[in-house]
Structures are given as C-alpha cells and as structure tokens.
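So you can see what is in the structure, the chains are spelled out below.
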Amino acid sequence: MRSIPGAAPGAPPARGRGPVVAALMLGMALAALDGTVVSTAVPQIVGDLGGFSVFSWLFSGYLLAVTVTLPVYGKLSDTFGRKPVLIAGIVLFLAGSVLCSLAWNMAALIAFRVFQGLGGGALQGTVQTVAADLYPLDERPKIQAKLSTVWAVSAVAGPALGGALASYADWRWIFLVNLPVGALALWLVGRYLVEPVRERPATAPRIDWTGALCVFATGALLLTALVQGGVAWPWLSAPSLGLFGASAALAALTVLVERRAAEPVIPGWVWRRRDIAAVNLAMGALGLLMVAPTVFLPTYAQSVLGLDPVAAGFVLSVMTLSWPVSAALSNRVYTRIGFRDSAAVGMGLASLILLAFPLLPFPGHAWQPALIMLALGGALGLFQLPLIIAVQSSVGWAERGTTTASVLFCRQVGQSVGAALFGAVANATITSRLAADPAAGLPDDLDSVSRALEHPAGLTADAADQLRRAVATAVDHVYVGAALAGVLALLVLLLLAPRRFPVREHEAEAG
C-alpha cells in the first residue's frame with residue numbers, strides 16, 4: 001500500500017495548517033451542535049411560539065436540507081473549489097441562525113431551520129473534503145480522529161447546551177451563540193485556506209442546476225415520507241403512498257437528467273466503481289445501525305433503568321470516548337491488513353456487540369449498557385475511518401468532493417430509513433406485548449404509551465413493570481435489527497469491496 005509523502009500541492013505546510021484545522025473543527029462543531037441543540041429547548045420554544053403538533057419538523061427540516069444538499073455541494077466543490085463552497089456554507093448557516101433567533105411563530109422557525117440546513121450541508125461535506133486535501137494518506141487518521149471527536153462531543157453536548165440556554169437565558173440564544181463561532185471559522189478559512197493552483201478550463205464550468213433540483217426534490221419527498229410515516233399518518237395511508245410514489249417517479253427522472261447532463265451532480269461513476277459503491281452501501285448500513293443507540297438507548301435508560309436525562313445521556317456518551325481513540329489508532333491495523341479487512345473486523349465486532357444487548361438482565365444496571373456502548377464505539381471507529389480514508393485516497397482532487405458527499409449522503413439516508421424502520425419495529429413490539437399480557441391501568445394505544453412513559457407515577461406497580469418490560473423487549477428487537485444491518489454492511493464489504501483499495505500515487509493533484 002502506497003502512502004503520500006507530502007500534502008496537496010498548494011496546501012499549507014504542516015506548520016501552517018493549524019488555523020485551517022481550527023476552522024474545520026469549528027465548522028464541524030456548528031453542524032453537529034445544531035442537529036441536537038434544539039431537542040431540550042422544545043418546551044420553551046413551544047410555550048413561546050406554539051405549534052406543538054409540528055415541532056418535530058424543527059429536527060426533520062434541518063435533516064432534510066442537510067441530506068439532500070450534500071451531493072450538490074460535493075459537485076460544486078469539485079468544480080469551483082472547496083474555499084468558496086465552505087465560505088458560502090458558513091454564511092448561509094449564520095444567516096439561518098440569525099433568522100431562527102428572530103422567528104415569530106413555529107412555521108417561520110421551521111422555514112428558517114431548513115434555510116440553516118442549506119448551510120449545514122455545505123459544512124458537513126466540505127469540511128471532510130478539505131481535511132483529506134490537507135493531509136497525506138499516512139496522516140489522515142489524526143485529522144479524521146480530531147473531527148470525529150468534535151462531532152461526537154458536540155452532538156452529545158448539544159442537548160445539555162440547549163437546555164441550559166433555554167432555562168437560564170432564552171431559547172433564541174441557542175442560535176445566536178453560533179455567530180461568534182461561525183465568524184471566527186469564516187475568518188480563518190478566508191485568511192488561511194490555500195487551495196491548489198489549477199489550470200483554468202478552456203470552457204466555463206457548466207452547473208447542472210436541473211439535476212441539483214431533481215436531487216433535492218427526490219430526497220425531500222423520500223425523507224419526508226420516511227420521517228412522517230407512522231407518525232403524522234399511517235404507513236399505508238394516501239399521504240405515505242403518494243409521497244413514496246412521487247419520490248420513485250422523481251428518482252427515475254433524476255437518473256434520466258443526470259445521464260444526459262454534461263457535468264452531473266451525481267455522476268454515474270460513483271456507482272460504477274466497485275470501491276466507491278461498496279463504501280456507499282456500507283455507510284448506508286452504518287446509518288441504519290446507528291439509530292439503535294442514538295434514538296432508542298436514551299429511552300431505554302430512562303424508562304427501563306429509571307435514569308434521569310443527564311445520566312441517560314452519559315450512558316450513550318461513553319461511545320464517544322472510544323470511537324475517536326479507535327479511529328486514531330486504526331492506521332496501525334489497515335496498514336497491515338488493508339482498508340477493507342480492517343473495516344470488516346470492526347463491523348464484525350460491532351455486530352456481535354449489538355447482539356449482546358438483548359442478553360442484558362432486566363432491569364439491570366447502567367454500567368452494563370454503558371460498557372456495551374464503549375465497546376461499540378471502539379468497533380465502529382475501526383470500521384468507519386478506514387473506509388472514508390480509503391475512498392478519499394482512491395480519487396483525485398477533482399473527484400474527492402463528489403465522492404465524500406456521496407458517502408455522507410448514503411449514511412444520512414440510512415439514518416432516516418433506520419429511524420422509520422426501527423420505529424415501526426418498536427411500536428409493533430410494544431403493542432403486541434401489551435395486548436398479550438395486559439395489566440390493570442396499562443395504556444391501550446401508542447399515544448397513551450408515550451404519555452405513560454413521561455409520567456410513570458400515574459401507573460400501578462404492575463402496569464409500570466409491564467410497560468418497562470415491553471419497552472425493554474422493543475429495544476432488544478431494535479438492537480437485533482441493528483446487528484442485522486451490521487451483518488449487511490459486512491457482506492457488502494466482503495462481496496463487493498476490493499480486497500485492496502486503489503490508492504492514487506498523487507492523490508491531491510489539481511484537476
């Protein structure tokens with residue numbers, strides 16, 4: 001396996017990369033924080049603006065905008081360079097933050113969150129691409145581990161920060177605190193980020209705006225169907241079937257448009273190359289898998305173990321301790337056995353760890369799921385980072401933005417699919433358990449279950465125990481499903497990914 005002795009031509013030397021790395025870490029923190037920071041401030045926001053029935057779109061709208069714009073920004077960064085895309089993303093994000101702080105009702109806040117997500121998509125994809133541009137292959141684990149640490153800490157700290165600001169200041173400060181952080185990142189990028197000097201093309205670059213619009217519309221309809229299905233309306237209802245049908249038709253139209261475009265937003269080579277296609281599919285399975293700990297573990301910790309929200313967050317956060325450490329040390333593994341086999345070892349271990357969750361005793365102790373999460377973080381760090389480095393190192397500068405965006409896009413879509421799929425599994429399990437073993441005072445529908453979980457003191461002792469057991473069984477089933485997603489990722493790697501990923505001799509050449 002060949003490594004590159006130096007950084008990209010035109011990139012800052014090792015001693016001058018510090019300000020750029022600081023900007024990347026600040027940008028990553030902004031994107032990660034705003035995915036979760038609103039969650040604990042919902043009561044204050046709803047109390048001020050109203051709109052309880054649609055508040056979930058504060059999260060869904062942001063997620064939609066980030067996900068569907070990733071491929072667009074990836075292509076734009078390959079065409080016009082990383083710096084203008086990153087600067088535009090920061091400006092959009094900060095403008096959206098200001099607008100969110102000025103929202104006068106829930107509809108306006110949701111619209112401004114979508115606008116903020118347009119900048120978040122540029123931040124999330126371009127930061128990863130610039131990091132790969134700056135560092136040669138043998139140094140990339142260090143910067144990727146730093147970014148992983150920032151992402152993990154920010155995502156976990158987001159709810160605590162949002163709750164503190166909402167409780168002791170005002171919920172609008174959740175968005176205003178982005179301004180000084182974003183302004184510093186903007187100044188550092190503008191002042192210190194130097195890109196490779198490329199030859200000016202003979203003809204002006206052609207932007208595939210039609211393809212970008214098709215991608216955006218397809219992703220928006222599909223993710224809306226996945227996020228709202230089973231929540232706002234039943235899965236087999238007219239709205240769900242209509243959205244899925246419309247997204248399928250738009251997907252077919254997108255393929256036709258992209259095949260005819262001179263410079264497509266999602267070029268066909270992303271899926272024709274075995275190495276990139278395999279990583280995309282494996283990352284989609286990772287997104288599916290991650291729903292189990294991030295969405296369902298906090299509910300398990302509070303409803304089954306009886307922990308308060310802070311302690312429940314700690315059970316999940318221990319995964320963020322082992323993940324970046326494992327990622328930083330993964331180069332000692334993949335330099336010996338290769339990218340694919342390193343990732344396969346990590347995902348094989350992750351699948352076994354996930355299968356251990358249903359073996360936990362009931363009700364158990366907090367250290368038991370925490371230990372599983374610690375082990376899971378270590379396994380997933382060994383899985384994700386080698387694949388990202390492998391796929392970024394297999395392409396040149398002019399394709400790296402598109403490639404990185406496709407990987408992140410597939411992971412985001414996997415998370416959306418996982419939330420819908422495992423949510424349906426959990427709901428079906430709880431309904432079945434409560435119907436099979438009824439107790440006096442047990443809720444008889446899912447809405448009542450949700451209210452009972454929030455206020456368990458209103459249940460009899462028998463009913464509370466039955467409800468806790470039903471929730472524990474539902475989360476066990478979700479973890480088994482997550483383990484199956486891990487097996488799927490493992491099969492993709494072993495059957496589709498090349499044993500040795502191609503690594504370009506001069507990865508970072510311009511053009």
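Residues numbered from 1 in each chain as written. Predicted model: local features only at pLDDT ≥ 70, side-chain atom pairs only at ≥ 80, totals over all residues. Heavy atoms only, no water.

## What about helix α3 (residues 57–80)?
Inference 1: The first and last C-alpha atoms of α3 sit 33 Å apart over 24 residues, in line with the 34 Å expected at 1.5 Å per residue.
Inference 2: Its maximal kink placed at leucine 70, α3 deviates by approximately 40 degrees, while the proline proline 71 follows within four residues.
Inference 3: Of all 24 residues making up α3, 20 are buried, and the element is well covered by its neighbours.
Inference 4: Among the residues trailing α3, glycine 81 stands out with phi positive, at a value near 105 degrees. (Helix = DSSP H or I, 4+ residues; strand = E, 2+ residues; numbered from the N terminus. Expected span 1.5 Å × (residues − 1). Bend = angle between axes of the 7 residues up to and from the residue. Buried < 20%, exposed > 50% of the residue type's maximum accessible area, 1.4 Å probe, protein only.)

## Description of empty space enclosed by the protein
Inference 1: One pass over the structure, following the stated rule, counts six cavities of 30 Å³ or more.
Inference 2: One number sums up the size of the largest cavity: a volume of about 80 Å³.
Inference 3: Residue lining of the largest cavity: Val72, Lys75, Leu76, Thr79, Phe80, Arg206, Ile207, Asp208, Trp209, Ala212, Glu263 and Val265, and that is the complete set.
Inference 4: Taken together, the elements giving at least two residues each to the lining of the largest cavity come down to α3 and α9 (209–228).
Inference 5: Broken down by element, the residue count for the lining of the largest cavity peaks at five residues, all from α3.
Inference 6: Broken down by class, the residue content of the lining of the largest cavity amounts to seven nonpolar, one polar and four charged. (1 Å grid on protein atoms, 1.4 Å probe; cavity = no way out; pocket = protein on both sides within 12 Å on 5 of 7 lines; lining within 4 Å. Points joined across faces, edges and corners; volume = space filled by probe spheres on them. Nonpolar A, V, L, I, M, F, W, Y, C, P; charged D, E, K, R; others polar.)

## A few points about the nonpolar core
Inference 1: By size, the foremost hydrophobic cluster in this structure holds 72 residues, and its most contacted members are Tyr300, Leu380, Phe383 and Leu387.
Inference 2: Contributing elements (two or more residues each) for this core: α11 (269–272), α12 (274–303), α13 (309–317), α14 (319–329), α16 (339–356), α17 (367–393), α18 (397–436) and α20 (461–495).
Inference 3: In terms of residue count, the dominant contributor to this core is α12 (15 residues).
Inference 4: In this structure, leucine 387 is in contact with Val279, Ala282, Met283, Ala343, Leu493 and Phe501, ignoring residues within four places of it in sequence.
Inference 5: Counting residues in each nonpolar core, the second largest holds 27 residues, with Val20, Ala23, Ile90 and Leu147 among its members. (Core = buried A, V, L, I, M, F, W, Y, C linked by side-chain atoms within 4.5 Å. Contact = heavy atoms within 4.5 Å.)

## A few points about the layout of surface pockets
Inference 1: Taken as a whole, the second largest pocket spans an internal volume of roughly 780 Å³.
Inference 2: Of all elements in the fold, only α3, α9, α10 (238–260), α11, α12 and α18 reach the threshold of two or more residues within the lining of the second largest pocket.
Inference 3: Take the lining of the second largest pocket: its biggest share by element is eight residues, from α18.
Inference 4: Partitioned by chemical class, the residues of the lining of the second largest pocket number 22 nonpolar, 10 polar and three charged.

## Things to note about the packing of aromatic side chains
Inference 1: Scanning the entire structure with this criterion turns up seven aromatic pairs.
Inference 2: Each ring, one from tyrosine 334 and one from phenylalanine 339, has its centre 4.7 Å from the other, and the planes form 35 degrees; the classification is tilted. Each member of the pair, tyrosine 334 as well as phenylalanine 339, carries the same accessibility label: buried.
Inference 3: By way of ring pairs, the aromatic residues Tyr300, Phe357 and Tyr479 are connected into one cluster. (Phe/Tyr/Trp six-rings, centres within 6.5 Å; stacked < 30°, edge-to-face > 60°.)

## A short note on the pattern of salt bridges
Inference 1: According to the stated counting rule, one finds seven salt bridges in the structure shown.
Inference 2: The shortest N-O distance in the salt bridge between aspartate 78 and arginine 82 comes to 2.8 Å.
Inference 3: According to the relative accessible area criterion, aspartate 78 is buried, its value standing at 6%.
Inference 4: Under the relative-accessibility criterion, arginine 82 is labelled buried at 2%.
Inference 5: Several salt bridges converge on common partners, so that one network encompasses Asp78, Arg82, Asp133 and Arg400. (Salt bridge = Lys/Arg side-chain N within 4 Å of Asp/Glu carboxyl O.)

## Brief notes about a nonpolar patch on the surface
Inference 1: A cluster of nonpolar residues, Trp271, Leu281, Val487, Leu491, Leu494, Leu495 and Leu496, forms a patch on the protein surface that exposes about 650 Å² of accessible area.
Inference 2: Ranked by the residues each element gives to the nonpolar patch, the list is headed by α20, at four residues.
Inference 3: Structurally, the position occupied by leucine 494 is in helix α20. (Patch = residues over 30% accessible without salt bridge, like charges linked within 9 Å, V, L, I, M, F, W, Y side chains within 5 Å. Areas by Shrake-Rupley, 256 points an atom, 1.4 Å probe, with all protein chains shown as cover.)

## Some details on helix α4 (residues 82–101)
Inference 1: Here α4 is 20 residues long and its end C-alpha atoms lie 29 Å apart, about the 28 Å a rise of 1.5 Å per residue gives.
Inference 2: Listing the buried residues of α4 in full gives Arg82, Val85, Leu86, Gly89, Ile90, Phe93, Leu94, Gly96, Ser97, Cys100 and Ser101. Along the long axis of α4, the arc covered by the buried residues comes to 165 degrees, so they all point the same way. (Arc of directions from axis to C-beta.)

## So, the confidence of the model for the protein chain
Inference 1: Residues with a pLDDT of 70 or more make up 84% of the protein chain, whose mean pLDDT is 80.
Inference 2: Ranking the elements of the protein chain by mean pLDDT puts helix α19 (residues 446–454) last with 58 and α16 first with 93.
Inference 3: Within the model, the stretch residues 1–15 combines pLDDT values under 50 with 34 contacts to residues more than four positions away or in other chains.
Inference 4: Taken together, the stretch residues 506–511 has pLDDT below 50 and engages in 22 contacts with residues farther than four places along the chain or on a different chain. (pLDDT = per-residue confidence, 0-100.)

## What about the packing of helix α5 (residues 106–134) against α18?
Inference 1: Two elements in contact, α5 and α18, have axes separated by 9 Å at closest approach and are oriented at 135 degrees. One way to sum up the angle between α5 and α18 is to call them oblique. Relative to α18, the crossing made by α5 is right-handed. Contact residues: Gln124, Gly125, Gln128, Thr129, Ala132 and Asp133 in α5; Trp397, Arg400, Gly401, Thr404, Leu408, Arg411 and Gln412 in α18. (Axes fitted to C-alpha atoms, helices over the stretch in contact; angles between N-to-C directions. Parallel < 35°, antiparallel > 145°, perpendicular 65-115°, else oblique. Left-handed = near helix turned anticlockwise from the far one by under 90°.)

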